[in-house]
Amino acid sequence: MKAQVLVSVEHLYRYYGGACALNDVSFDVNRGEVLGFLGPNGAGKSTTMQILSGNLAPSTGRVLINGMDIVKQPRQAKAALGYLPDQPPLYRELTVNEYLQYCARLHRLPRGEHRVAIDRAKQRCGLTEVGKRLIGNLSKGYQQRVGIAQAIVHMPALVILDEPTVGLDPIQMREIRALIRELSSEHGVILSTHILPEIQATCDRVQIINKGRLVLSDTLAGLQARMHSSSMVVALHKMPPMAELAALPGVGSVELLAEGHRVRLHHTSEQNPAEALVERAVQQGWGLHELIPECVSLEQIFVDITRTEPHEVTDVTRDEAA
Amino acid sequence: MIIFSIAARELRSLFLSPLAWTILAVVQFILAYLFLAQIDVFLQVQPRLAALEGAPGMTELVVVPLFGSAAILLLLVVPLVTMRLVSEERKAQTMSLLFSAPISMTEIIIGKYLGIMGFLLITLALIALMPLTLLLGGALDGGMLFSGLLGLALLLGSFAAVGLFMSTLSAQPAVAAISTFGVLLLLWILDWVGNNSSGEIKGIFGYLSMLRHYELLLKGMFDSSDVIYYLLLIMVFLVLSVHRLDADRIQR
């Protein structure tokens, strides 16, 4: 599948004084793709988002949006993007309608299209009923939605959302996630968050950033394959000798668990010994009554990656392509 | 035009807060008091003036002092309206809305400047109404009135440009207001230094002083170099503001 590249980020560095906030970050986003940006606090997520949206200039490196350089051709590049910063940029003294009208004007929408664009954005974000209310009087959740509406009112090719579900209740979170999925049919979306289920629910691709470096870049499917990792817990009534279990095809090592009739089998990811194990257990009458494939959670991967000192970028998509 | 959208929002936000209304009311009240006091003085001296040949008229004795006090009063008030222009947007983090829209820094600055000028011109129009009421009972020197109004408008334009620049320097509106006031006052009293020193320094500082140029315009002496002085001052501070805003992205 040859998708159209919407954003390409090339060797981004950014220093704050002497501190290096971003260190050689490069990635691409395709049209119709949701890219999840994951990282602990202070890892450089927001800095990356600010650079992508033209709020901050990179120290070196460049960002192309739709082929336009955000620093050299800001007007053309910014016309193709909608940005929701971590603090929604709202004028509290305006009503929702007035505010969205102003945003539409800032993005140079033709005057005749304002009404349609604003109505569509309000409808998508569930704001139809609060159009005449002052933004300052709305609840945090609604303000967040106005922020999202602001980012999509001009139908940009790229939508950048920096922690869009902060401060929302679980129902609103689900709505926003559904909205993000819906947006991805027409827009490219970059989503930064530290909420892991959100990534699992919405993203096609995941990138983990830690201490300013991109430490992982993988499709969600690839991550899920990684999560189905290589161990299972088996409970048997009659425990055979360990050597016999270890001899099963694909089994690397066997670990006896404390209870005495449970073992953990570690196996290679290519060959799953479950089938052979069950066959053997029936033949020999081992009394198999439990077989649990163990999953590593995204959280575990996240913790593992961000805790160990990164030396190299693990770029699985590129490895697979090669 | 995008500049006018920004200006319109700026003006609208001003009038949605009580600040603009309060300022208009206070300025109007104080100037009306001074205006009436001035008329009182004029009425007392009028019989004596009538006997004199080439005596100063109503414009010179009422309107000029009124505009003189208006300038001082507005020097105190303008920093309060300009302080929020950029610094409040920074504080509320709404600046990113403008930064991520396809607008240049110049458009942002000019838009904000025009917005605040809109407010200041409304103030000016209200002040101008006072001398105009004198037309009911007498004649005014039209040229002098016009040159005074032009002087006040240019002065307000310079105040606003300085205020806008100071506002781009800080994320604290109060800091912006105080520093604007400081710079304006300094530019105002700059020619005091000249009183004790010799010719050349006196000339330079005298030229830089906003007061000097304003006084000339108030007297009805329209000199294009005075007008150019104000336009240059406005330009310089607007260009500085654009650069300051641009620098925001590069290092924060």
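No experiment lies behind these values; they were computed from the predicted model shown. (Residues numbered from 1 in each chain as written. Chains lettered and ligands numbered in written order. Predicted model: local features only at pLDDT ≥ 70, side-chain atom pairs only at ≥ 80, totals over all residues. Heavy atoms only, no water.)

**Some remarks on the overall build of chain A**
Note the threshold: Only runs of H or I of at least four residues qualify as helices and only runs of E of at least two qualify as strands under DSSP, and these elements are numbered from the N terminus. A simple rule labels every residue: compare its accessible area, found with a 1.4 Å probe on the protein chains alone, to the largest value its type can have, and call it buried under 20%, exposed over 50%, or partly exposed in between. Pairs of residues are marked as contacts when any of their non-hydrogen atoms sit within 4.5 Å. Note on areas: Shrake-Rupley, 1.4 Å probe, and residue coverage restricted to the protein chains presented here.
The number of helices and strands found in chain A is 12 helices and 15 strands. Its C-alpha atoms give chain A principal-axis dimensions of roughly 80 × 45 × 40 Å. Each of the 322 residues in chain A was classed as buried or not, and the buried ones make up 51%. Taking the contacts inside chain A whose residues are at least 6 apart along the sequence as the reference set, 68% of them involve residues at least 24 apart. Per element, the accessible surface of chain A, about 14,800 Å² overall, is 51% carbon and sulfur.

**Quick look at the environment of Leu100(A)**
All names here are of chain A. Its location among the elements puts leucine 100 in helix 3 (residues 96–106). Accessibility expressed as a relative area gives 0% for leucine 100, which makes it buried. C-alpha separation for the pair leucine 100 and glutamine 224, spaced 124 residues apart in sequence, amounts to 39 Å. Each residue touching leucine 100, except ones within four places of it in the same chain, is listed here: Ile118, Lys122, Val146, Ala149 and Gln150.

**Some remarks on the sheet that holds strand 1 (residues 5–16) of chain A**
Residue and element names in this part refer to chain A. What counts is decided by this rule: What makes two strands pair is DSSP finding at least two bridges between them. Think of each axis as a best-fit line through the C-alpha atoms, taken over the contacting stretch in the case of a helix, with angles from 0 to 180 degrees between the N-to-C directions.
Here we have four strands laid out as an open sheet, ordered 2-1-4-5, and antiparallel in their pairing. Looking at the sheet topology across the chains shown, the edges are occupied by strand 2 (19–30) and strand 5 (68–69). The pairing of strand 1 with strand 4 (residues 60–65) spans five bridges and is classified as antiparallel. Among the inter-strand pairings, serine 8 is bridged to a residue of strand 4, identified as leucine 64. Sheet contacts for helix 1 (residues 45–52): strand 1, strand 2 and strand 4; angle to strand 1, the most-contacted strand, approximately 120°.

**Examining the interface of chain A and chain B**
Condition: Buried area adds together the accessible area that both of two parts lose upon being put together, with accessible area traced by a 1.4 Å probe. Here, a salt bridge means any Lys or Arg side-chain nitrogen found within 4 Å of an Asp or Glu carboxyl oxygen. For this analysis, a polar contact is any N or O atom pair within 3.5 Å, provided that within protein one partner can donate a hydrogen and the other can accept it, and provided that sequence-adjacent residues contribute only side-chain to side-chain pairs. In this classification, the charged set is Asp, Glu, Lys and Arg, the nonpolar set is Ala, Val, Leu, Ile, Met, Phe, Trp, Tyr, Cys and Pro, and all remaining amino acids, among them Gly, are polar.
Listed as interface residues are 32 residues of chain A and, on the opposing side, 24 residues of chain B. Carbon and sulfur atoms supply 54% of the area that chain A and chain B bury against each other, a total of about 2,600 Å² over both sides. By the criterion of area lost to chain B, the three top residues of chain A are Asn55(A), Tyr91(A) and Leu106(A), representing 23% of everything that side buries. At the junction of chain A and chain B, the tally comes to four salt bridges. Counting the contacts that link chain A with chain B gives seven residue pairs in polar contact (both at pLDDT 80 or more). Tallied by class, the residues present in the side of chain A that touches chain B amount to 16 nonpolar, eight polar and eight charged.

**Re the pattern of salt bridges**
Inspection of every chain in the model, using the stated rule, returns 18 salt bridges over all chains. Here Arg181(A) ties to Asp204(A) by a salt bridge, and the two come within 3.5 Å at their closest N and O atoms. Of this pair, Arg181(A) sits in helix 6 (residues 170–183) while Asp204(A) is found in the loop between helix 7 (196–202) and strand 9 (205–210), placing the two residues 23 residues apart along the sequence. Note that Arg84(B) is salt-bridged to Glu88(B), the shortest N-O span being 3.7 Å. With Arg84(B) and Glu88(B) both in helix 4 (residues 84–91), this residue pair falls four residues apart, about one helical turn. Of the residues examined, Arg84(B) reaches a relative accessible area of 12% and is grouped as buried.

**Brief notes about the sheet that holds strand 11 (residues 231–236) of chain A**
All names here are of chain A. The strand order across the open sheet built from four strands is 12-13-11-14, with neighbouring strands paired in antiparallel fashion. In the strand order of this sheet, the two ends are held by strand 12 (251–256) and strand 14 (288–293), each with one partner. Ignoring strand direction, the axes of neighbouring strands in this sheet form an average angle of 20°. Relative to strand 13 (residues 262–267), strand 11 is paired through five bridges, and the arrangement is antiparallel. Bridging across to strand 13, methionine 232 finds its partner in leucine 265. With respect to the sheet, helix 10 (residues 274–284) is in contact with strand 11, strand 13 and strand 14, its orientation differing from that of strand 14 by roughly 175°.

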